[in-house]
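# Geometric and topological summary
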Amino acid sequence: MTTEHVDVLIVGAGLSGIGAAHHLKANCPGKSYAILESRDAIGGTWDLFRYPGIRSDSDMFTLGYSFRPWTAAKSIADGPAILDYVRDTASEGGIDHHIRFGHRVTRVAWSSPESRWTITAERTDTGETVELTASFIFSCTGYYRYDEGFTPDFPGLDRFGGKLIHPQHWPQDYDYSGKRVVVIGSGATAVTLVPAMAETAGHVTMLQRSPSYIMALPGEDPIANAIRRVLPSKAAYAVVRWKNVLTQGVFYGLSRRAPKLIKGLIARMVQRQLPDNVPLDPHFTPTYNPWDQRVCLVPDGDLFKALRSGNASVATDTIETFTENGIKLSSGAELEADCIVTATGLNLLALGGMEIAVDGREIALNDTIGYKGMMFSDIPNLAVALGYTNASWTLKCDLTCEYVCRLLNHMDANGFTQVTPRNHDANLQTLPFIDLKSGYVARAIDQFPRQGVRAPWRLYQNYARDIMMLKRGALEDGAIEFTRAAPSVSEQEPVAA
């Protein structure tokens, strides 16, 4: 029985995976490819999360693909609109015909003599094991577990007699109309849920241990809409995209260089929108600097509107215990609830949890160093699509896809069959791979690769810099090794890069 072989295996059919397939078709049209998706639908995050109000916390002019202009009026789009956008992209390019649903990749093993990966996947519907081979793997699995979210071990949790929900697994038939709701959390999910549920719930309380930075932006970008009225679609999209990239870059840079200035600016913006009975301190005064964790966006200030209406409130306290009727706080106050939503974060998972072996040696990702934020030291012919933490996810993924295509074409042109990042500096200082202090990052960062303190081992959060490095920079930079097929590992001759 012959094992099926493809030139490129894409893992994941979400926003990144569909984008990767498009770039591959456009820039490497001779390459065969398949997409393995563990779930039964296209869309990844945007299909998985179904909680009320689900939306992007990035504008769609930068979260959208570089090759497919976002044409809807809303800049901060809701989940269903984003899901339609991803699925339409897959359908228009015929990409959906290359997807194999219900295939969860469990292990990948590289053979240097054969210059190929053997991929083992589990059929999620039958439990059957499937094998295929590929010359290159492009992992587009995101960075968190899809099967479970994070819920802390709250004291007395089993005592609560009402409805307990994690947003990652929202029950579609649950009617919370008129009910008392407590949303635990202060991040992007919580600030989305509170105003959405407040429209029909009896009352919604956002319970936070510590506050996050929150900024209100218009749901529709008036400047973008004005530009789109006078320029053709593609030109307008490019202009608005760069406008937003530069705005985000300036804001992030100032947050790092002058955090007091940005803290004061955000505080004044929030203060103007709060009702008199909701004090800025302690509810909206984080103890950390902006962009130590992601800044939350609320389109059209909907969270503040909910607070002003009286349909929502905020409590800043810690949980002493759950009770039969709600939550008792450390201050002694009690929050009665019919429904408690634990918007307490994600469980991070690198490369979808797949095991990796290279020439019979098991690889631990945390022993590797990230190369240009998209490959890993001593792991050949494998790249990963990871977005920015300080800007839109797709900005970085688009650049990564273009780089992978350049790499594949360079290998073909020169007869190379293997490309491997190699760190030759034993004294290279390293840092955590993700430069955020959020709880969900801190809990799992030790499972991830490290990053170096300088290029090409540094994961820069800078779009303009990444354009120069990934889109225009040299492929052969002295830190990456190209080899040609050889009968055995010992006979392979490295080609100095």
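Before going into details, it helps to say that this report is about the structure given with it. Everything numeric in this text was worked out from a predicted model, so none of it was measured. (Residues numbered from 1 in each chain as written. Predicted model: local features only at pLDDT ≥ 70, side-chain atom pairs only at ≥ 80, totals over all residues. Heavy atoms only, no water.)

### Quick look at the packing of aromatic side chains
Convention followed: Two rings from Phe, Tyr or Trp (for Trp, the six-membered ring) form a pair when their centres are within 6.5 Å of each other. A pair whose planes differ by under 30 degrees is stacked, one over 60 is edge-to-face, and the rest are tilted. Relative accessibility decides the category of a residue: with a 1.4 Å probe and only protein chains considered, values under 20% of the type maximum give buried, values over 50% give exposed, and everything between is partly exposed. Whether a charge sits over a ring depends on NZ of Lys or CZ of Arg being within 6 Å of the ring centre and within 35 degrees of the ring normal.
Counted according to the given criterion, the structure contains 19 aromatic pairs. Ring plane angle 80° and centroid distance 5.8 Å describe the contact between Tyr-143 and Tyr-144, whose orientation is recorded as edge-to-face. You can call Tyr-144 buried: its relative accessible area is 6%. Ring-pair connections join several aromatic residues into one group, and the members of that group are Phe-49, Tyr-51, Tyr-143, Tyr-144, Tyr-146 and Trp-393. Positioned above the aromatic ring of Tyr-460 is the side chain of Arg-465, whose terminal nitrogen or guanidinium carbon lies 3.8 Å from the ring centre.

### Considering the pairing of strand β6 (residues 129–139)
Short version of the rule: Strand pairing requires that DSSP identify at least two bridges connecting the strands. Only DSSP runs of H or I reaching four residues or more are called helices, and only runs of E reaching two or more are called strands; each is numbered from the N terminus.
Taken together, the six bridges between strand β1 (residues 5–11) and β6 define a ladder with parallel strand orientation. From the neighbouring strand, Val-8 faces β6, where its bridge partner is Phe-136. Bridge count for strand β5 (residues 116–123) against β6 is six bridges, and the pairing is antiparallel. Bridging from a neighbouring strand, Glu-122 pairs with Thr-129 of β6.

### Details of the nonpolar core
Heads up, the rule is: For our purposes a nonpolar core is just a set of buried Ala, Val, Leu, Ile, Met, Phe, Trp, Tyr and Cys residues, chained together by side-chain atoms within 4.5 Å. Between two residues, a contact is recorded if the distance between any of their heavy atoms is within 4.5 Å.
Formed by 150 residues in total, the largest nonpolar core has its most connected members in Trp-117, Ile-119, Phe-138, Val-183 and Phe-284. At eleven residues, helix α11 (residues 393–414) tops the list of elements feeding residues into this core. Apart from the residues within four sequence positions on either side, Ile-119 is in contact with Leu-9, Leu-36, Val-105, Arg-107, Val-108, Val-130, Glu-131, Leu-132, Thr-133, Ala-134 and Ile-137. Grouped together as the second largest cluster of nonpolar side chains are 13 residues, Phe-154, Phe-322, Ile-327 and Ile-340 included.

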